[in-house]
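A structural walkthrough
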Amino acid sequence: MRALVSLALAAIMASSGTEAFACSPPGDSAAWAEQQEAAYLADVTAIYVAVAEDVVGDVDSAVTFTIRRTATVWGSSGPAVLNLGHESGACSNYLALWLEDFSGRPFQDGEPVRVFVTPAAESDPTLLYIVPEGPIAEGMMTRWRALAAMDQ
């Protein structure tokens with residue numbers, strides 16, 4: 001599943017337009033995505049569960065949405081509400097929102113998500129890792145726990 005998610009992230013970044021190429025290097029994008037994720041997870045200071053609300057737009061052009069924190073999993077609780085947006089071709093970590101079932105199903109109101117926060121993401125929300133609850137979130141939790149265990 002990890003390789004599939006990394007490949008899907010790399011494919012979305014590559015197909016999202018020329019601006020996305022600034023986010024991913026030429027060459028092995030899957031390995032690059034895995035390295036980026038590991039570096040991000042090593043810096044995580046908070047993890048929480050949220051629900052998406054007020055989803056407006058289309059991921060193929062532009063979408064705005066709000067995430068409302070519902071539970072703290074680990075660390076500081078994070079903001080109760082974040083208003084976010086994404087334009088096609090823009091570089092953001094929360095592109096993974098649209099990968100839950102790989103079927104092209106649009107992101108919707110009420111979608112449960114897991115949010116991984118780092119100090120940099122606190123000041124720039126486009127750096128947040130926001131992933132759908134389910135196998136993707138659980139896989140990231142497993143990788144985060146493994147990294148945390150290595151630091152001890």
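Each remark here, short or long, concerns the structure printed above.
Summarised in this report is the structure supplied together with it. (Residues numbered from 1 in each chain as written. Predicted model: local features only at pLDDT ≥ 70, side-chain atom pairs only at ≥ 80, totals over all residues. Heavy atoms only, no water.)

1. Observations concerning the pairing of strand S5 (residues 129-132)
Condition: Burial classes: relative accessible area under 20% of the type maximum marks a residue as buried, over 50% as exposed, and values in between as partly exposed (1.4 Å probe, protein chains only). Where helices and strands are cited, they refer to DSSP runs of H or I of at least four residues and of E of at least two residues respectively, numbered from the N terminus. Strand pairing follows a simple DSSP-based rule, namely that at least 2 bridges must link the two strands.
Along S5, one buried face is formed by Tyr129 and Val131 and the opposite face, lined by Ile130 and Pro132, is buried too. Two elements, strand S4 (residues 112-117) and S5, share 4 bridges in a ladder whose sense is antiparallel. For Arg114, the partnering residue across the bridge sits in S5 and is Val131.

2. Quick notes on the nonpolar core
Filter applied, for reference: Nonpolar cores are built from buried Ala, Val, Leu, Ile, Met, Phe, Trp, Tyr and Cys residues. Side-chain atoms within 4.5 Å join them into one set. Contact definition: two residues touch when any of their heavy atoms are within 4.5 Å.
If you look at the biggest cluster of nonpolar residues, it comprises 28 residues, and the most contacted ones within it are Ile67, Val115, Phe116 and Leu128. Every element with two or more residues in this core is listed here: helix H2 (29-42), strand S1 (46-58), strand S2 (62-75), strand S3 (81-87), S4, S5 and helix H4 (135-151). Those residues within four positions of Val115 in sequence are excluded, and the remaining contacts are Ala46, Ile47, Tyr48, Ala50, Ile67, Leu128, Tyr129 and Ile130.

3. Structural notes on the packing of H2 against H4
Applicable threshold: The convention used is that axes are lines fitted to C-alpha atoms, helices contributing only their stretch in contact, and that angles between N-to-C directions extend from 0 to 180 degrees. Handedness of a helix crossing follows the sense of rotation of the near helix relative to the far helix, less than a right angle counterclockwise being left-handed and clockwise being right-handed. Residues are grouped as follows: Ala, Val, Leu, Ile, Met, Phe, Trp, Tyr, Cys and Pro are nonpolar; Asp, Glu, Lys and Arg are charged; all remaining types, including Gly, are polar.
Across the interface, H2 lies against H4 with an axial gap of 9 Å and an inter-helix angle of 65°. Crossing hand, H2 versus H4: right-handed. Between H2, through Glu37, Ala38, Leu41 and Ala42, and H4, the contact on the second element is made entirely by Met140, Arg143, Trp144 and Leu147. Among the residues forming the contact of H2 with H4, the class breakdown is 6 nonpolar, no polar and 2 charged.

4. A few points about the pattern of salt bridges
Applicable threshold: Just to be clear on terms, a salt bridge is a Lys or Arg side-chain nitrogen sitting within 4 Å of an Asp or Glu carboxyl oxygen.
Evaluation of the coordinates by the stated rule reveals 4 salt bridges. Note that Arg143 and Glu37 form a salt bridge whose closest N and O atoms lie 2.5 Å from each other. Of this pair, Arg143 sits in helix H4 while Glu37 sits in helix H2; the two residues are 106 residues apart in sequence, bridging distant segments of the chain. Among the residues examined, Glu37 registers a relative accessible area of 7% and is labelled buried. The closest approach of N and O atoms between Glu138 and Arg114, which form a salt bridge, is 2.7 Å.

5. Digging into unusual backbone geometry
Here the phi dihedral of Asp54 falls at roughly 50°; this positive angle occurs in a residue that is not glycine. Relative to the helices and strands, Asp54 is located in strand S1.

6. A few points about the pairing of S2
Taken together, the 11 bridges between S1 and S2 define a ladder with antiparallel strand orientation. Its bridge partner lying in S2, Tyr48 is registered against Thr72. Here 7 bridges tie S2 to S3, and the two strands are oriented antiparallel to one another. Following the sheet pairing, Thr64 is matched in S3 by Gly85. Taken together, S2 and the strand that follows it, S3, pair antiparallel across an intervening segment of 5 residues, in which Gly78 is found at a positive phi of about 80°.

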